[in-house]
There are 2 protein chains.
Amino acid sequence: MPHPLDEAIGLTPTGTNTYSGATHPAYANMVGPFGGVTTAVLLNAALLHPSRLGDPIALTVNFAGPVADGPFDVEAVPVRTNRSTQHWTLLLKQGDVVCTSGSAVFAVRRDTWSDQEAVAPRDMPPVDSLARLQSDLLPPWVRCYDMRFPPGEEPFRFDEQAQQNSNTRLWVRDEPPRPLDFAGLAAICDNFFPRIFDRRHRPVPVGTVTLTAYLHADAGMLAAQGSRHVLGTARALHYRNGYFDQSAEIWGDDGCLLASTHQMVYYRA
Amino acid sequence: MPHPLDEAIGLTPTGTNTYSGATHPAYANMVGPFGGVTTAVLLNAALLHPSRLGDPIALTVNFAGPVADGPFDVEAVPVRTNRSTQHWTLLLKQGDVVCTSGSAVFAVRRDTWSDQEAVAPRDMPPVDSLARLQSDLLPPWVRCYDMRFPPGEEPFRFDEQAQQNSNTRLWVRDEPPRPLDFAGLAAICDNFFPRIFDRRHRPVPVGTVTLTAYLHADAGMLAAQGSRHVLGTARALHYRNGYFDQSAEIWGDDGCLLASTHQMVYYRA
């Protein structure tokens, strides 16, 4: 049996740079699919492309409009291939309507001086000491992840007690477990609930308009992480008249930074 | 006399979604133009477009290959326009070769609950207490800015004394002074010298491969800032086998966050 994520991001080639796919009920959100799975679908179109060079290091996805339940077409065009980098433009359409646009950069990495400047939180409680987020009343996609938040950092604390910042952490992995790969990591980049919920402790209408992910992990780091929980850390900088940003990091359980990700989110307060 | 930045980002319409422009010697970098001016050129194509809705809130520019000195063509396509958001795809070409690709999100903001969660540094020395960066030996574009770094945070300290982090701050404005607008702010988003120089105190070959900017400022905030120096803060998270990320914030001199920006940079160590 394939993993539901592999079913959800599965694509069938229909031409040189085009594929067909379909939304998957397991990854449904409030309206249309979970943005992380749409992100992984667009990345997968480049990953599967016969002209692919290297591995993804950066990805931007713009959520232009909702994706309706059902089939869609994906276009992935390698607009420029250099010796060690490759630039892609990405589109997801339903009929003639652009639902999602984006771009990706792939690269061939070479062993050289490397250094992680950022440091993972030292005081995160161990995975096994935390309970899994109860997701019965949440959109279906949340049940595709095992999420564990420390006390006081749980999402959806809608008690109207606004807090000073939106910093939260969690342990997260695919459910059922799935060995981490580039598509799975890209999907997890959109796992962080809207920071305005944490800041205001109040539900408001929200929607990600654009997401950028930087993938620091190579295939070896992903393989070393396997299907164990990764550690996520998130915060926002500025909520202003309808749009806020949020940034997050995804760390391996050895403290290695696997990805950093940023998004702008629409909100109605 | 137009400001050199306005000359550099000037575009002439050549069709529905196409423009012609040219590189400007004042904004030359080591190879080709300063990435910030290319970023501003792509944004300007959408800003000038007759179908434009609202103001830019997000922008991604992928530096696919060098821009040769001389003319170029720019394509800005509004791929989807909603009630309050508009999604653009952007391309800069020379002949049939894609030099730069990108995307932008424009939006109509509405007055609502707003809050800045991030806090500007409190101990930055005043602009007038700091000397302007000497740029005689640096690429031409650096002379298009008045940059002032606190002691110990100056760029290009190539004494091989690696430091623990790459955090630096500066005051910066256009030189000659120019009232801040969206294009000028987008250009400043690429003003931060490569973090690896600050981390290692050693020159290495570098090049930005992709840049994302989130514009938190609206036209009123830009007008309030005028042509005075803005405050920049920057850092990196992870240098790994040829690519590192860096993030930066651009603050008004009243402490208001005008923009946050992120990039992935190629390096050879």
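Source: prediction; values computed, not measured.

Participant: Account for the pattern of salt bridges, naming residues and giving values.
Facilitator: Under the criterion given, the structure shown has 32 salt bridges over all chains. A salt bridge links Glu175(B) to Arg173(B); its shortest N-O distance comes to 2.8 Å.

Participant: Provide a residue-level description of empty space enclosed by the protein, including the pertinent values.
Facilitator: Enumeration according to the criterion identifies 7 cavities of 30 Å³ or more in this entry. Quantified by volume, the largest cavity comes out at close to 80 Å³. Surrounding the largest cavity, Ala8(B), Ala22(B), Thr23(B), His24(B), Tyr27(B), Pro33(B), Val37(B), Thr38(B), Val41(B), Val67(B), Phe72(B) and Leu92(B) form its lining. The element that contributes the greatest number of residues to the lining of the largest cavity is helix α2 (residues 35–47) of chain B, accounting for 3 residues. By residue class, the composition of the lining of the largest cavity is 9 nonpolar, 3 polar and no charged. Empty space within the second largest cavity amounts to approximately 60 Å³. Taken together, Ala8(A), Ala22(A), Thr23(A), His24(A), Pro33(A), Val37(A), Thr38(A), Val41(A), Val67(A), Phe72(A) and Leu92(A) make up the full set of residues lining the second largest cavity.

Participant: Tell me about the packing of aromatic side chains, and name the residues and values.
Facilitator: Here the structure, examined in full by the defined rule, presents 28 aromatic pairs over all chains. Centroid distance Trp141(B) to Phe193(B): 5.7 Å. Interplanar angle 40 degrees. Geometry classified as tilted. A residue pair is termed long-range when its members are at least 10 positions apart, and Trp141(B) in the loop between β7 (115–116) and β8 (145–148) and Phe193(B) in the loop between α3 (182–188) and α4 (195–200) qualify at 52 residues. Considering the side-chain rings of Phe244(B) and Tyr267(B), the 5.8 Å spacing of their centres and the 50 degrees angle between planes classify their relative orientation as tilted. Of this pair, Phe244(B) sits in strand β12 (residues 243–251) while Tyr267(B) is found in strand β13 (residues 257–267), placing the two residues 23 residues apart along the sequence. On the basis of relative accessibility, which here comes to 0%, the residue Phe244(B) falls in the buried class. One aromatic cluster in this structure is built from Phe34(A), Trp141(A), Tyr145(A), Phe156(A), Phe158(A), Phe193(A) and Phe197(A). In this arrangement the basic side chain of Arg200(A) is found over the ring face of Trp113(B), its NZ or CZ atom lying 4.0 Å from the centre.

Participant: Lay out the interface of chain B and chain A with the relevant residues and their values.
Facilitator: Each partner contributes to the interface: chain B provides 67 residues, whereas chain A provides 67 residues. Summed over the three residues of chain B that lose the most area to chain A, namely Trp113(B), Glu117(B) and Asn241(B), the buried surface amounts to 14% of that side. Across the contact surface, chain B and chain A share 6 salt bridges. The closest approach of N and O atoms between Asp115(B) and Arg199(A), which form a salt bridge, is 2.7 Å. If you look at where chain B meets chain A, you find 43 residue pairs in polar contact (both at pLDDT 80 or more). The residue makeup of the side of chain B that touches chain A, split by class, is 28 nonpolar, 27 polar and 12 charged. Bridge analysis of strand β11 (residues 230–240) of chain A against β7(B) gives 2 bridges, and the strand direction is antiparallel. Counterpart to Tyr239(A) in the pairing with β7(B) is Asp115(B).

Participant: How would you sum up the confidence of the model for chain A? Please name residues and give values.
Facilitator: Where the model shows low pLDDT, its predicted coordinates should not be examined in detail. The predicted model of chain A averages 97 in pLDDT, with 100% of residues at 70 or higher. Here the complex is predicted with pTM 0.98, and the ipTM for its interfaces comes to 0.97.

Participant: Kindly report on the relation of the copies chain B and chain A, identifying the contributing residues and their values.
Facilitator: Under the fitted operation, chain B is carried onto chain A by 0.0 Å of movement along the axis and a turn of 180 degrees, and the coordinates agree to an RMSD of 0.0 Å. Both copies of the chain, as the preceding transformation shows, are related through a two-fold rotation axis. Both copies contact each other with a shared surface, as 100% of the interface residues of chain B are interface residues in chain A too.

Participant: A description of unusual backbone geometry should follow, citing residues and the corresponding values.
Facilitator: Residue and element names in this part refer to chain A. The omega angle of the peptide bond from Glu175 to Pro176 is 0 degrees, so this bond is cis rather than trans. Tracing the chain through its elements places Pro176 in the loop between β9 (168–174) and α3 (182–188). In this structure, Glu160 is a non-glycine residue whose phi angle is positive, near 65 degrees. With respect to the element layout, Glu160 can be found in the loop between β8 (145–148) and β9. The backbone of His201 sits at a positive phi, close to 55 degrees, despite the residue not being glycine. The buried category is assigned to His201, whose relative accessible area is 6%.

Participant: Explain the pairing of strand β2 (residues 18–22) of chain B to me, using residue names and the numbers behind them.
Facilitator: Residues and elements named next belong to chain B. Here β2 shows a clear split, with Tyr19 and Gly21 buried on one side and none of Thr18, Ser20 and Ala22 buried on the other. Summarising the sheet, strand β1 (residues 12–13) and β2 pair through 2 bridges and their orientation is antiparallel. Note on β2: the bridge partner recorded for Pro13 is Tyr19. Hairpin connection between β1 and β2: a loop of 4 residues separates the two successive antiparallel strands. Two elements, β2 and strand β4 (residues 71–81), share 5 bridges in a ladder whose sense is antiparallel. Of the residues in β4, the one forming a bridge with Thr18 is Glu75.

Participant: So what's going on with the state of the cysteines? Which residues, and what values?
Facilitator: If you walk through the whole model with that rule in mind, you get 0 disulfides over all chains. Residue Cys256(B) stays outside any disulfide, its sulfur separated by 15 Å from that of Cys189(B), the closest cysteine.

Participant: How would you sum up helix α2 (residues 35–47) of chain A? Please name residues and give values.
Facilitator: Residues that lie three or four places apart on an α-helix share one face, since the helix turns once every 3.6 residues. Compared with an ideal rise of 1.5 Å per residue, which puts 13 residues at 18 Å, α2(A) spans 18 Å between its outermost C-alpha atoms and is within 8% of the ideal. Taken across its 13 residues, α2(A) has 13 buried, putting it largely inside the fold.

Participant: Which residues make up the environment of Ser101(A), and what values do they have?
Facilitator: Within the secondary structure, Ser101(A) sits in strand β6 (residues 97–107). Residue class for Ser101(A) comes out buried when judged on its relative accessible area of 1%. Beyond its immediate sequence surroundings of up to four residues, Ser101(A) is in contact with Leu42(A), Thr60(A), Val61(A), Asn62(A), Leu90(A), Leu91(A) and Thr89(B).

Reading the values: the criteria
Residues numbered from 1 in each chain as written. Chains lettered and ligands numbered in written order. Predicted model: local features only at pLDDT ≥ 70, side-chain atom pairs only at ≥ 80, totals over all residues. Heavy atoms only, no water. Salt bridge = Lys/Arg side-chain N within 4 Å of Asp/Glu carboxyl O. 1 Å grid on protein atoms, 1.4 Å probe; cavity = no way out; pocket = protein on both sides within 12 Å on 5 of 7 lines; lining within 4 Å. Points joined across faces, edges and corners; volume = space filled by probe spheres on them. Helix = DSSP H or I, 4+ residues; strand = E, 2+ residues; numbered from the N terminus. Nonpolar A, V, L, I, M, F, W, Y, C, P; charged D, E, K, R; others polar. Phe/Tyr/Trp six-rings, centres within 6.5 Å; stacked < 30°, edge-to-face > 60°. Buried < 20%, exposed > 50% of the residue type's maximum accessible area, 1.4 Å probe, protein only. Lys NZ or Arg CZ within 6 Å of the ring centre and 35° of its normal. Contact = heavy atoms within 4.5 Å. Buried area = accessible area lost by both parts, 1.4 Å probe. Polar contact = N/O pair within 3.5 Å; in protein donor to acceptor, adjacent residues only side chain to side chain. Pairing = 2+ DSSP bridges. pLDDT = per-residue confidence, 0-100. Least-squares fit on C-alpha atoms with pLDDT ≥ 70 in both. Disulfide = S-S within 2.5 Å. Expected span 1.5 Å × (residues − 1).

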